[in-house]
Amino acid sequence: HDTERMNPRYPVIATRAGYRCEYCHAPQVISNSHFEVEHIHPVSRGGGEHDDNLALACPSCNVFKAASLSAVDPASGELVVLFHPRLHVWVEHFEVIDATLQIHGLTATGRATVECLRMNRDLSVLARGYWAMIGLFP
């Protein structure tokens, strides 16, 4: 049974996130598994188990974020903090380009997060096209 291996905080975190990845906004409803309860500030780097440090993340964002807290802004070359779903507002850092369905970073944090999490990989953009066709994205 898949709930045996699920993070016990999953129901609360997933409900709060609207069952979407809190980084790329991928909808979980069409996935063949539950998204991950991700530590925004990794435990390995001093983060805790409290709800304010947990986010719902799709497998792609989760694997590429790994234990990162910061990344390089491709526009400035500066090291900046990654998007933090509890502290930052998504629409202030990102926008979806309607014509291409790519996620565009509006700030240094947004740009660095898009690059670090590889949000515009070909497969991700292709999936967004299908999600958009059935009304699940953006």
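Remember, predicted model here, so these are calculated numbers, not experimental data.

**A word on the nonpolar core**
Move 1: Counting residues in hydrophobic clusters, the biggest one holds 34 residues, and the most contacted among them are C21, Y23, C24, I103 and M119.
Move 2: Secondary-structure elements contributing two or more residues to this core are helix 1 (10–16), strand 2 (54–57), strand 5 (94–96) and helix 4 (108–116).
Move 3: Ranked by residue count, the leading element in this core is strand 2, at four residues.
Move 4: Those residues within four positions of Y23 in sequence are excluded, and the remaining contacts are E38, I40, A55, A57, C61, K65, F83, P85, W90, L117 and M119.

**Quick look at the pattern of salt bridges**
Move 1: Summed over the entire model, instances satisfying the criterion amount to four salt bridges.
Move 2: Of the charged contacts, one joins D51 and R9 as a salt bridge, the two residues approaching to 2.5 Å between their closest N and O atoms. Of this pair, D51 sits in the loop between strand 1 (36–39) and strand 2 while R9 sits in the segment before helix 1, and the two are 42 residues apart along the sequence.
Move 3: For D51, a relative accessible area of 24% corresponds to the partly exposed category.
Move 4: K65 is paired through a salt bridge with E38; the nearest N and O atoms lie 2.7 Å apart. Here the residue K65 occupies a position in helix 2 (residues 59–65), and E38 occupies one in strand 1, the gap between them amounting to 27 residues.

Procedures and definitions
Residues numbered from 1 in each chain as written. Predicted model: local features only at pLDDT ≥ 70, side-chain atom pairs only at ≥ 80, totals over all residues. Heavy atoms only, no water. Core = buried A, V, L, I, M, F, W, Y, C linked by side-chain atoms within 4.5 Å. Buried < 20%, exposed > 50% of the residue type's maximum accessible area, 1.4 Å probe, protein only. Helix = DSSP H or I, 4+ residues; strand = E, 2+ residues; numbered from the N terminus. Contact = heavy atoms within 4.5 Å. Salt bridge = Lys/Arg side-chain N within 4 Å of Asp/Glu carboxyl O.

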